[in-house]
Every structure is written in structure tokens, then in C-alpha cells.
Amino acid sequence: MDVFARDYAGGRFVTFSGPHLAALAVLAAVVVGLAVGGRRLGEAGRRRVRWGIVVALWGTELSYHSWRLACGTWTPREMLPLHLCSVLVWLSGFLLLTRSRRLYELSYFWGLAGATQALVTPDIGPYGFPHYRFVQFFVTHGLIVATAVWFTAVEGFRPTWASLRRALTVLACYAVVVFGVNSGVGSNYLFLSRKPATKSLLDVLPGWPGYLPYLAGLAVVAFVLFYLPWAIRDAAAARRGPLTPGRRGRPGPSRPGATAAP
């Protein structure tokens, strides 16, 4: 059984099968381990972890393009880095290298909402475990989530209402551009031209173009849900009032300048 074969003879990928659930469990353990372990590291150790994630993230993505080229299946209709998670591969890497607050905002909302949904309903065709595509998909998307969690739990960054609005605005503008690309080359980036061939959350929505407004609404709901813990925390802090010298607490991130801009 050739795990790099274009026409894979092994088992097909099945959503919520044993290998799928095992992959999700492993990724969850890795993300939690990075978040907990990273808080115990000094700056030099954190820098090494950030570089390690960049190498793994970009290396895995480049290997995927190489595999598609070797299989003769690389086409502009499918392989331009325009899907949300494809953009996040490169965006997350630059975030890890620069620690940019603006990039963090996109990583947090786009990454947690987009990559998490992709991990739950993967679009990887027939390639079940242990095919290369199965491993590459889960590693890449898992590292996108890990990057957002790392900067939140370890580096002390956090989102704000303003960053939520910016992330939505940038996403809406980006979707308009991608819709134009899809119209020009016949692609389906961001699934704006048709639903994915595999099972997804879009299956319960109307056909094209009726599902597009729902898609926009789902993005808003997902972003708000990922901001909700912070809104609750801020509301609780406001009720308690400002901290006094006799009260213990940590009203903000531990690293100066780390919060997303208000």
C-alpha cells in the first residue's frame, strides 16, 4: 500500500471514524500541551517553539504542493493559496515570526473558526489513514489552531470587539476578491461557487447561491462565539471594579503591548 499514491488503495476517509476521532484527540493533546508547556518557558524557549511551528507549518504545506505536482494534479483551480486555511498557513507563519497584533486578530478569528470547522468535516476526498494526505491535512490545520491558542495562552495576546469587527471586515473584502477569482478561473475557493463534494455544515443549507448569506451569517456567529469568553470575562471584571493593592488579579495580558488594538 503506497501512502503517497494518487489512486489510494487503502481505506477511504470516513467522517467521525476511529482514525478521524483519534487524529482530533492527538491534536487536542498537542495544542493543550503547547499551551501549558509554553507558559513555563523563557523567551528563548518560546522563540524556538515558534520557529519549530513555522518550519512544520510551511514545510508541510510546501510538501503538499510538491505531492500534487508529482501526481500531476496541481491546477490553479484547486491549488492557489486562496482557501481560508491556505491563507492561514502563511499568515500564521508570519505571525509566529513577527508577533504582529493585526495578524493575531485574523489568526484568532479566522483560524479558530475556519480550521476547527475543517478539522471536524475534512475535505480530503478518499484519502484515509495512513495516507500522506490524511496526515498532512491534520498536521497543517492542527498547527493553525495551535498558533492561535499559543499566542492567546502563552504570549498573552487577546481579541477585542474592535478586532472582531476588523476580522469580519477583512474577511468580507477578501471573499469579494476570491469570488472574482472563482468567476475567472472556474475555481471554488472559500466554497463560494458551490458546496464541497464531501460532507460539511453546508449540506443542511439551500443550494447555490442561496447558502451564501447563511455562510456569512455563520461566520459572524462563529466569530462572536469565539469572542464570548472574553466578553464574559470583561463584564465580570467591570462588575468587580478596578483592582486595588489589596486585591489579587491580572486584569490584562502579562506581556506589554500584547493585546489586540482596541
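What counts and what doesn't
- Residues numbered from 1 in each chain as written.
- Predicted model: local features only at pLDDT ≥ 70, side-chain atom pairs only at ≥ 80, totals over all residues.
- Heavy atoms only, no water.
- Helix = DSSP H or I, 4+ residues; strand = E, 2+ residues; numbered from the N terminus.
- Rg over C-alpha atoms; globule rule 2.2 N^0.38 Å.
- Phe/Tyr/Trp six-rings, centres within 6.5 Å; stacked < 30°, edge-to-face > 60°.
- Buried < 20%, exposed > 50% of the residue type's maximum accessible area, 1.4 Å probe, protein only.
- pLDDT = per-residue confidence, 0-100.
- Contact = heavy atoms within 4.5 Å.
- Polar contact = N/O pair within 3.5 Å; in protein donor to acceptor, adjacent residues only side chain to side chain.
- Patch = residues over 30% accessible without salt bridge, like charges linked within 9 Å, V, L, I, M, F, W, Y side chains within 5 Å.
- Areas by Shrake-Rupley, 256 points an atom, 1.4 Å probe, with all protein chains shown as cover.
- Salt bridge = Lys/Arg side-chain N within 4 Å of Asp/Glu carboxyl O.
- Expected span 1.5 Å × (residues − 1).

### Considering the overall build of the protein chain
Okay, step 1: Scanning the protein chain from N- to C-terminus turns up eight helices and zero strands.
Okay, step 2: From first element to last, N terminus to C terminus, the protein chain shows the α and β order α-α-α-α-α-α-α-α.
Okay, step 3: Here the protein chain has a C-alpha radius of gyration of 20 Å; the compact-globule value for 262 residues is 18 Å, and the two agree.
Okay, step 4: Taking the principal axes of the C-alpha coordinates as reference, the protein chain spans close to 65 × 40 × 30 Å.

### Some points on the packing of aromatic side chains
Okay, step 1: Under the defined criterion, the tally for this structure stands at 18 aromatic pairs.
Okay, step 2: Judged by centre distance (5.3 Å) and plane angle (35°), the rings of Trp58 and Trp90 are tilted. Of this pair, Trp58 sits in helix H2 (residues 43-71) while Trp90 sits in helix H4 (residues 84-98), and the two are 32 residues apart along the sequence.
Okay, step 3: When the centroid spacing of 4.6 Å and the interplanar angle of 55° are considered together, the rings of Trp161 and Tyr227 count as tilted. With Trp161 in helix H7 (residues 161-185) and Tyr227 in helix H8 (residues 211-240), the pair connects residues that are 66 residues apart, well separated along the chain.
Okay, step 4: Residue classification places Trp161 among the partly exposed residues on the basis of a relative accessible area of 44%.
Okay, step 5: By the ring-pair criterion, three or more aromatic residues cluster together here, those being Tyr104, Tyr108, Phe109, Phe151, Phe157 and Phe223.

### A word on the confidence of the model for the protein chain
Okay, step 1: Residues at a pLDDT of 70 or more form 92% of the protein chain, whose mean pLDDT is 91.
Okay, step 2: When mean pLDDT is compared element by element in the protein chain, helix H6 (residues 132-153) scores highest at 98, while H8 scores lowest at 94.
Okay, step 3: Contacts of residues 246-257 to residues separated by more than four positions or lying in other chains number 20 contacts, the stretch itself having pLDDT below 50.

### Examining unusual backbone geometry
Okay, step 1: In this model, Phe129 is joined to Pro130 through a cis peptide bond whose omega is 10°.
Okay, step 2: With omega at 0°, the peptide bond leading from Trp208 into Pro209 counts as cis.
Okay, step 3: Residue position: Pro209 is located in the loop between H7 and H8.
Okay, step 4: The residue Phe16 is not glycine, and still its phi comes out positive at about 65°.
Okay, step 5: Inspection of the secondary structure puts Phe16 in the segment before helix H1 (18-38).
Okay, step 6: The backbone phi angle of Leu190 is positive, close to 65°, even though this residue is not glycine.
Okay, step 7: With a relative accessible area of 14%, Leu190 lands in the buried category.

### Concerning the side chain of Ser17
Okay, step 1: Topologically, Ser17 is positioned in the segment before H1.
Okay, step 2: Since its relative accessible area comes to 17%, Ser17 is described here as buried.
Okay, step 3: Within the structure, Ser17 has its side chain in polar contact with the backbone oxygen of Val14 (distance 2.7 Å).

### Let's talk about a nonpolar patch on the surface
Okay, step 1: A cluster of nonpolar side chains, contributed by Trp51, Val55, Phe94 and Leu97, occupies part of the molecular surface with about 410 Å² of accessible area.
Okay, step 2: For the nonpolar patch, the elements supplying multiple residues, two or more each, are H2 and H4.
Okay, step 3: Within the secondary structure, Phe94 sits in helix H4.
Okay, step 4: The partly exposed category is assigned to Phe94, whose relative accessible area is 43%.

### Considerations on H7
Okay, step 1: Relative to the 36 Å expected for 25 residues at 1.5 Å per residue, H7 spans 36 Å between its end C-alpha atoms, a close match to the ideal helical length.
Okay, step 2: Of the surrounding secondary structure, the elements contacted by the buried residues of H7 are H4, helix H5 (101-120) and H8.
Okay, step 3: Backbone geometry just downstream of H7 places Gly186 in the positive-phi region, at approximately 75°.

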